[in-house]
Amino acid sequence: MGTETKKISLYIHVPFCKAKCYYCDFNSFAGMSGRIAPYFKALLGEIELYGERLKGYGIKTIFIGGGTPSFVDAEYISAVAESCRKHFDLLEDAEITIEANPGTLSFEKLAAYRSMGINRLSMGLQACQDDILKSIGRIHKYQEFVENFQQARRAGFSNINVDLIFGLPNQTLEDWKETLDKVAGLEPEHISCYSLSIEEDTVFGDRLKAGELKPADDELDRRMYHMAKDMLTSYGYGHYEISNFAKSGFECLHNLTYWKAEEYAGLGAGAHSYLDSVRFNNVYSVEDYIDCISRGTLPVEDEHPLDAEEKMSEFMMLGFRLIGGISITEFMQRFGSDVYALFGNKIKMLENKGLIEVIGDCIKLTDSGLDLANQVFMEFI
Ligand code: SF4
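Parameters at a glance
Residues numbered from 1 in each chain as written. Predicted model: local features only at pLDDT ≥ 70, side-chain atom pairs only at ≥ 80, totals over all residues. Heavy atoms only, no water. UniProt positions renumbered as here; feature names shortened; annotations may be inferred. Phe/Tyr/Trp six-rings, centres within 6.5 Å; stacked < 30°, edge-to-face > 60°. Lys NZ or Arg CZ within 6 Å of the ring centre and 35° of its normal. Domains from an automatic or database assignment. Contact = heavy atoms within 4.5 Å. Buried area = accessible area lost by both parts, 1.4 Å probe. Salt bridge = Lys/Arg side-chain N within 4 Å of Asp/Glu carboxyl O. Near = heavy atom within 4 Å. Nonpolar A, V, L, I, M, F, W, Y, C, P; charged D, E, K, R; others polar. Core = buried A, V, L, I, M, F, W, Y, C linked by side-chain atoms within 4.5 Å. Buried < 20%, exposed > 50% of the residue type's maximum accessible area, 1.4 Å probe, protein only. Helix = DSSP H or I, 4+ residues; strand = E, 2+ residues; numbered from the N terminus.

The name given to the protein in an unreviewed UniProt entry is Heme chaperone HemW, with the source organism recorded as Clostridium thermosuccinogenes. Checking UniProt for the protein, the heading Subcellular location (unreviewed entry) contains the comment "Cytoplasm". Taken directly from UniProt, the Sequence similarities (unreviewed entry) text for the protein runs: "Belongs to the anaerobic coproporphyrinogen-III oxidase family. HemW subfamily."

Here is the structure:
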């Protein structure tokens, strides 16, 4: 492959779940098993349509996300993987991730994923206590997760992420400590820790409105975050993004594409893309998505071309998510101008507030900036 090849990431959305978790506002649906076959037919159609558009690109990462991709039969995923290899130039060392949830996995399924070339598994666990799992609408118990994790190792997965959530209703600091200890004890290569955010149009959102749910207070939320940082670091995980921790060399290459504001194509209902300086997304409805593809058109809506200033602002906002921050040199190489020329005043102001710091070539969040990151992001929206 020549050095000219542009590299790009691919996101593939599978919007089906066995049940809807109470906190989830993703574009995912339970009770739609009857639409799985037509949806995947459409997905294969979209891959083919994109084949032309992405000519000349090398695919560096694929992320099959959802939803719960492991909810559907492995044959569907296999057809997608095969079609990607046929229509795209998949780089030899590509990182290929599939999201999976306990309660929808088996050794056979995991072995099938490995045989398709999927080399990274991202498992949704959230918490280790069965009563908490039940209270947030998860379909599995902790022990099922452990069994699936061990099956994944036996099937040959040597790069596994585990997703966790803190700040859950009725979750104590002790619960969170137990979760971190147990999960780190299993030694996955990567752990994500997200603070619960209660969104509208979710079961939790409705309960909050009705006064039936008490969210974790800010102080507890921050103590949990600091606990995650301290414990996971001492377990040997590098803290490389606000919510993400990895053993050295196992940072998620796919998500780094987003945080570095690089290009990616999103396929499937509601998937977002960033291509040729335009951000756009597919229609969210599964039916509309299937309809569009069956008519031979890409199901795109909401296109937003970015001008030079917007691109620079995004680069800053996303880059601050990384613990290493933004490289002043990289900014110059990418945009041909000095970061201080456009953002000098903001950088000074945020530095004075103690939210960011400049160390050598890097502009990054301080420890207190990590807790108040939204204040920093707001400056670049
Ligand atoms: S499994 Fe994931 S995508 Fe599905 S409802 Fe739960 S959180 Fe949402």
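Chemist: For this particular structure, what's the right way to read the packing of aromatic side chains?
Modeler: Each aromatic ring pair is characterised by the separation of its centres together with the angle its planes make. In the structure shown here, the tally under the stated rule is 18 aromatic pairs. Feature note: the residues Phe 315, Phe 320, Phe 331, Phe 335, Phe 343 and Phe 380 constitute an aromatic cluster, connected by ring pairs. Across from the ring centre of Tyr 22, 5.0 Å away, lies the NZ or CZ of Arg 207, which sits over that ring. A cation over an aromatic ring shows up here: Lys 247 above the ring of Tyr 237, its NZ or CZ 4.6 Å from the ring centre.

Chemist: Can you help me understand the domain arrangement of the protein in this one?
Modeler: Interface size is often expressed as the accessible area that is lost when the parts come together. By domain assignment, the protein separates into domain 1 (6-259) and domain 2 (308-378). Inter-centroid distance (C-alpha atoms) of domain 1 to domain 2 is 28 Å. Opposite the 12 residues of domain 1 that make contact, domain 2 presents 11 residues. Across the domain 1/domain 2 interface, buried area totals approximately 950 Å², and carbon plus sulfur atoms make up 56% of it. One can count two salt bridges joining domain 1 with domain 2.

Chemist: Please explain the site of the ligand as it appears in this structure.
Modeler: Taken together, Cys 17, Ala 19, Lys 20, Cys 21, Tyr 23, Cys 24, Phe 26, Ser 28, Gly 67, Thr 68, Asn 101 and Arg 138 form the complete shell of residues around the ligand. Split by residue class, the shell around the ligand holds six nonpolar, four polar and two charged.

Chemist: It is not clear to me how the nonpolar core should be interpreted in this structure. Could you clarify?
Modeler: Among soluble globular proteins, nonpolar side chains are generally buried collectively. Counting 97 residues, the largest nonpolar core has Leu 10, Phe 40, Leu 54, Tyr 113, Cys 193 and Phe 320 as the members making the most contacts within it. Here this core gets seven residues from one element, more than from any other, and that element is helix H1 (residues 36-53). The residue makeup of this core includes at least three contributed by each of domain 1 (6-259) and domain 2 (308-378). When sequence neighbours within four positions are dropped, the list of residues in contact with Leu 54 reads Ile 8, Leu 10, Ile 59, Phe 88, Ala 265 and Leu 275. Residues Cys 21, Tyr 23, Cys 24 and Phe 204 belong to the second largest nonpolar core, which totals 12 residues.

Chemist: Explain the pattern of salt bridges here, please?
Modeler: Opposite charge on two side chains permits pairing when their charged atoms draw close. The final tally for this structure, using the stated rule, is 13 salt bridges. For the salt bridge of Glu 178 with Lys 182, the shortest nitrogen-to-oxygen distance reads 3.4 Å. With Glu 178 and Lys 182 both in helix H6 (residues 173-186) and four residues apart, this pair spans about one turn of that helix. Residues Glu 351 and Lys 348 are paired through a salt bridge, measuring 3.3 Å at the closest nitrogen-oxygen approach. Placement of the pair is Glu 351 and Lys 348 together in helix H13 (residues 339-352), with a separation of three residues, close to one helical turn. Given a relative accessible area of 27%, Glu 351 falls into the partly exposed group. On the basis of relative accessibility, which here comes to 49%, the residue Lys 348 falls in the partly exposed class. Salt bridges linked by common partners bring Asp 221, Arg 222 and Asp 371 together as one network.

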